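Secondary and tertiary structure notes
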Amino acid sequence: MNPIEIILEHPGPWLAWIIPILGAIMMPILGKINHKLRDYGAVFFAFLALVSCISMIPYLNAEHALGDIKLITWMTLPNGTPLEFGVLVDPLSILICNVVAFISFLIIVYSTSYMHGDPHMDRYWFLFLYFIGSMLLLVLADNLVMTLIGWEGVGLCSYGLIGYYYRDAKERWLGGPPPTKMYPPSHAGMKAFVVTGIGDVFILASIFILYQYAGTFNYAELIKHSEEWLSHMAAVPGLISIMAIFLLGGPIGKSAQFPLHEWLPEAMAGPTSVSALIHAATMVKAGVYLVARMSPIFYIGTWNLHLPEAQVYFIAIACIGAFTAFLAASQALVALELKKVLAYSTVSQIGYMMLGLGLSGLSEGAFVAGLTSGIFHLVSHALFKAALFLCAGSVIHSVETIYMSNMGGLGKYMPITKILMLLSTLSLAGIPPFSGFWSKDSIFIAGLIVGTPLAMVLYLVAAISAALTLIYSIRYIWMVFYGDKSKFIKDLEHHGHHVHEASKTMWIPIAILVIVMSGVSLLGLVGQAIPSLNPEIFIEHQIDVTLENLHVELHPTHVEGTTKLLAYASSATIILVGGIIGWLFYWTRKINSWEFVTKNKILKPIHSFLWNRWFLNDLYYLIFVQGILALGKVIFDLFEVKIMIPISDYVAGMSQKISKVTYSNIEEGIIFGKINTSFPKLILSVYQNFRKTQTGLLSINIVYIMILFAAMMIWMIYFGGL
Amino acid sequence: MYGSLWLAVLLPIIFIPIVYFLGRQLGKRVSWVALIPLLYSTFYLISLIGGITNNPVGEYFYWLPGIRFGLYADSLSLPIALTVSMLGAVIVVYSQTYMSHSIHEQYHSDNNKAHATYYALYLWYVASMMGVALSTNLFQFYLFFEMMIIPSWALINSYGSGEREKIALMYLLWSIVGAVIFVTGVFSAYAFTGSFEISSLVNLIGTPWVGFIVISMLVGLCVKMALFGLHIWLPFAHAEAPTPISALLSPAMIGLAAYSIVRMLLPIEGVLNANYIFTLSWGLITMLYGGLMVLSQTDIKRLLAYSSMSQMGYIFVGIASATTLGVSGGIMHYVSHGLGKAILFLSVGAIMHQTGIRDIRQLGGLAAKMPITALSFIIGAMNISGIPPTLGFVSKFLIFLGAFGPGIHEISTEFILAVIAILSTILTVGYTFWTMRRIFYGPLPTHLENVKEASPMMTVPMMVLCLFSIVLGIYPTQILDPLISLIASMFG
């Protein structure tokens, strides 16, 4: 069949990403014709992508399952296997791509109003649609190479959109307030690109190692033959661990996990709609998706082949996830910029997802439960965090400041935004019966199913972080919507600027998100009585089907009722502890948190430690920016300029001199008739100059090269076995 | 398409006098005349792509009794020759506006003779590069190689900037010394095989001097490739050459040495693969050293020149791996770096042309004023950092996939070197995007407020190259599959 026929047979999985990419290319052209047309066009293309994704939902049914469809051969690898361009349509990818397309569509509607009047909308829409296309390609791709293409594509769009305000006008800077360092948007974009790029080179290294043994990049084939190639790989001690850790590098970078998490807070320099879509709901989840996609391989390695090294994958990601959840939540406690609080919160919540996925491999029976918890949390977080960011965007749009300390008392002016943000925050904080509660709970349950000492430690860390989440949630809600108006707002009103509610095109998309989120919450509650409606059980079923299609052998354990009760009890404790602290400090304001902290000798350094982001950001800049720049400079100044260039310079200078001397002697000598009078002299001068040529031109150059030449010979004779 | 390889190489040479004499009348417009033979070569070579797997094209004649010269296009040499002729055709259009400006600056008048000489030398240069890529005979290769050095020397010498005469001489010296070392190897090989045919170099296997011959040819070529230790001429020559020539020198010419290593030395089994650690380390050091040097440059052309050095390290790593994938990746990287670096040089040329500034510290915020140049620059940057959908992704992917081939069966030195190599590619991403930021983003300095976008004569060639790199990046199959199968057959 030719490619067109393949696409026409099942258009959904192809058009889902082809349409947005074509739409992206159309944007600058449409922009030339008419601005309205272009804006509606963007919404339309995103809508078509959503329709294509929805059209895939029937394939969830096992009878119509599609699996791996291959389109064209992209290149033929030397072992004869073709590297084919194809899509893998299984419940996991269908689920994620529907979430992505749905949220993208809503945010693109929101953007039409939020970005209204921006003079560079061609670029904005191009990057936005290209992002949607790349993200869906990433999710739907059937092999690692195509996933990487989408992966780099979303990174590129993220770079372009973070640095969207590339002129770095002062009001777009992020960070501060002074004396804390501030960063311009173009710096933030570059930082995001390079830091995630570090993750990308690790994942490339891992794929290269993997390919040498597996001989394929295709997910289904990798998993199908994993017993075979993993046991070959196990013959080299340490190789599976290296491969696993490198593989995690990519997701760690993309999903902003420790130690590559420092780019996400700065990524908030972009327009808020971008932060909502790329840096909260979708792109940062790409890492979670990839970890889930690859986990069957390591599960088989750990539990079917009993290779302890394969478990490194799960242990590492679980530890990193739990630690990141705590690290970021602690920073969110002290941050002053509204979007940055949400960014830290995103990092922290992704930590939970990673923890869930990591737990899946820590015991034989926890695989489905762990994967389910990670993916469930991904879906519910995508909904409430997108809504939170969009609300934050409305607030910032209205009050024109990024600092929460400059807000306060906005609830009166923006009642709709306040309610929407409050509902989403309840979900974030994990208050029952909101979706965040159910998904976080499923991670706790996965931890309890595993039950090993390591899992219990991680469980504890996650629980503490959950309490911190509640505390910072109370803090920011109060600082934005309650309390007294800040001096900044009063000044603003004094100048005739009135704080206003967001426009309809802005709050309706948020309301839809919140309604869907509430729907999931409600189903979670009803689902306790009627399991067929439970979203968690739905996702669990999808994961089951996915793994079944990939022929992964499972050994599920039954979840005891007591396990669930234990998880609920710990959630209740968390809410109680976090709630009381938050209530005292940030709601009733009985205790002035600022005075309390600054007067306390222990808390003050902790505050400064958290405010400076555990000093990690500074440390990274010191080593990887100043350090490498200094290294380059030192080598350039001391080696290149002092040693390499003088050698060559001397040679060139000498030969130039020779040519000049020769010219003045021979040319002028001949032309001006000195031949007769000074023939002997000429001979002498030619001889002398020729001698100079010998020392200058040939010897230095050749000696220099000959030394290298000789060194190579010696090397090859001694080590190369010639 | 009717034609032959000889015509593809000879037509530009035939046009040299025509261009020169017409140029004295027409001035800068003669670049359109110079475009004709280059377009012919490009289209003829493109027409060969389809059938190249099964029918490589070879054309031969006897130069002296016993010495057979020939041109041979197979799936290895075709991408190289095509890159050269295509860059040549695109850049000759770009040259028109750029060179008329710089000739005007140099002579304070529209010096038609200078235009005529420039385009004549240009054709000579491009034709010899194609000749180098297509040669079947070592002696013929050497002739074309020298023929390529002379016009490039003359172009730097007469049209360059800065201390151009001194730098041109230095460039000439290094090139000739490299060529002399190379030719030592060629004559020694002749002593053993009794033939100058490239294909007969295989017969050297087992002879006692094979190590010496391979090393002298390798070192000779590596001078041209500017590997670490032999690189000093490169930043000078590439920075001070006229920008259109830098765009040919930098990616196309120095990469020819890499191609020659694959063509000549790789089939001599056992020499390169036995010294994998040495060659790979050399490539790796070149990558890292070039990358680090980029970071401390302030002149935008020198910066790109050091980046070329670093990219040659990439190619050398691929070749050194002596695996099918690595070598194919190296050759593909010739193409992708050719496109990418040419785009970068042309956009930097456009900036210099529009602003007259080449110090990066005085630039900034130009994306607002020169959006097309900014777009091309970023596509060029993506190309050399290996970001899809550009061809750079494919080539970088293959190079390092190949580099992991040897030594994977234990945690060996080879393995660790390969890991370091792939990790150090982040340096390229860092410096390209940092450069992007320093030139194009941030607030616009007051002295750049009146800058305008370059004329279409400059931006269209850049966009053409960008388009090529993206189309090939999405669908490299037509070039890549034949290449991989040919290289695979070389390794048996």
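Residues numbered from 1 in each chain as written. Chains lettered and ligands numbered in written order. Predicted model: local features only at pLDDT ≥ 70, side-chain atom pairs only at ≥ 80, totals over all residues. Heavy atoms only, no water.

1. Comments concerning the overall build of chain A
In terms of regular secondary structure, chain A is built from 27 helices and four strands. Overall size of chain A, expressed as C-alpha extent along the three principal axes, is 115 × 70 × 60 Å. A buried classification covers 59% of the 722 residues belonging to chain A. For chain A, contacts bridging at least 24 residues in sequence account for 79% of all contacts bridging at least 6. When the accessible surface of chain A is split by element, carbon and sulfur atoms take 71% of a total near 28000 Å². The positive charge centre, built from 40 side chains, and the negative charge centre, built from 41, are 16 Å apart in chain A. (Helix = DSSP H or I, 4+ residues; strand = E, 2+ residues; numbered from the N terminus. Buried < 20%, exposed > 50% of the residue type's maximum accessible area, 1.4 Å probe, protein only. Contact = heavy atoms within 4.5 Å. Areas by Shrake-Rupley, 256 points an atom, 1.4 Å probe, with all protein chains shown as cover. Lys, Arg positive; Asp, Glu negative; His and termini not counted. Charge placed at Lys NZ, Arg CZ, Asp CG, Glu CD.)

2. Digging into the pairing of strand 1 (residues 57–64) of chain B
On a regular strand, one side chain projects to one face of the sheet and the next to the other, so that they alternate. All names here are of chain B. Pairing of strand 1 with strand 2 (residues 67–73), which is carried by seven bridges, proceeds in the antiparallel orientation. Pairing of Phe61 across the sheet is with Phe69, part of strand 2. Count of turn residues in the strand 1/strand 2 antiparallel hairpin: two residues, of which Gly66 carries a positive phi of about 90°. (Pairing = 2+ DSSP bridges.)

3. Let's talk about the packing of aromatic side chains
Within this structure, the stated rule accounts for 60 aromatic pairs over all chains. When the centroid spacing of 5.9 Å and the interplanar angle of 80° are considered together, the rings of Phe187(B) and Phe196(B) count as edge-to-face. Overall, the relative accessible area of 41% leaves Phe187(B) in the partly exposed class. Their ring planes at 75° and their centres at 5.3 Å tell us that Trp209(B) and Phe212(B) sit as a pair that is edge-to-face. Look at Trp209(B) and you get partly exposed, because its relative accessible area is 45%. The partly exposed category is assigned to Phe212(B), whose relative accessible area is 22%. Chaining the aromatic ring pairs together yields one cluster made of Phe208(A), Tyr211(A), Phe217(A), Phe393(B), Phe397(B), Phe404(B) and Phe415(B). When the ring centre of Phe236(B) is taken as reference, the NZ or CZ atom of Arg302(B) above it lies at 4.9 Å. (Phe/Tyr/Trp six-rings, centres within 6.5 Å; stacked < 30°, edge-to-face > 60°. Lys NZ or Arg CZ within 6 Å of the ring centre and 35° of its normal.)

4. What about the pattern of salt bridges?
When the charged atoms of two side chains lie near each other, side chains of opposite charge can form a pair. A complete count under the given rule lists 19 salt bridges over all chains for this structure. Because the salt bridges share partners, they merge into one network encompassing Lys191(A), Glu262(A), Glu266(A), Glu337(A), Lys340(A) and Arg613(A). (Salt bridge = Lys/Arg side-chain N within 4 Å of Asp/Glu carboxyl O.)

5. Some details on the packing of helix 13 (residues 324–355) of chain B against helix 14 (residues 371–385) of chain B
Residue and element names in this part refer to chain B. At their nearest, the axes of helix 13 and helix 14 sit 8 Å apart, and the two run at 150° to each other. It follows from the interaxial angle that helix 13 and helix 14 lie roughly antiparallel. In the crossing of helix 13 with helix 14, the sense of the turn from one axis to the other is left-handed. Contact with helix 13, carried on its side by Ser336, His337, Leu339, Gly340, Lys341, Ile343, Leu344, Ser347, Val348, Ala350 and Ile351, involves Thr373, Ser376, Phe377, Gly380, Ala381, Asn383 and Ile384 of helix 14 and no other residues of that element. Across the contact of helix 13 with helix 14, the residue classes break down as nine nonpolar, eight polar and one charged. (Axes fitted to C-alpha atoms, helices over the stretch in contact; angles between N-to-C directions. Parallel < 35°, antiparallel > 145°, perpendicular 65-115°, else oblique. Left-handed = near helix turned anticlockwise from the far one by under 90°. Nonpolar A, V, L, I, M, F, W, Y, C, P; charged D, E, K, R; others polar.)

6. Details of the environment of Ser465(A)
As for its position among the elements, Ser465(A) is in helix 19 (residues 453–481). Residues Ser465(A) and Gln349(A), spaced 116 residues apart in sequence, show a C-alpha to C-alpha distance of 9.5 Å.

7. Some thoughts on the side chain of Ser469(B)
All names here are of chain B. Tracing the backbone shows Ser469 in helix 18 (residues 456–474). Reaching out from Ser469, the side chain makes a polar contact with the backbone oxygen of Cys466 at a distance of 2.9 Å. Sequence-distant contacts of Ser469, that is, excluding residues within four places in its chain, are made with Leu339, Ile343, Ile379, Asn383, Pro389, Thr390 and Leu391. (Polar contact = N/O pair within 3.5 Å; in protein donor to acceptor, adjacent residues only side chain to side chain.)

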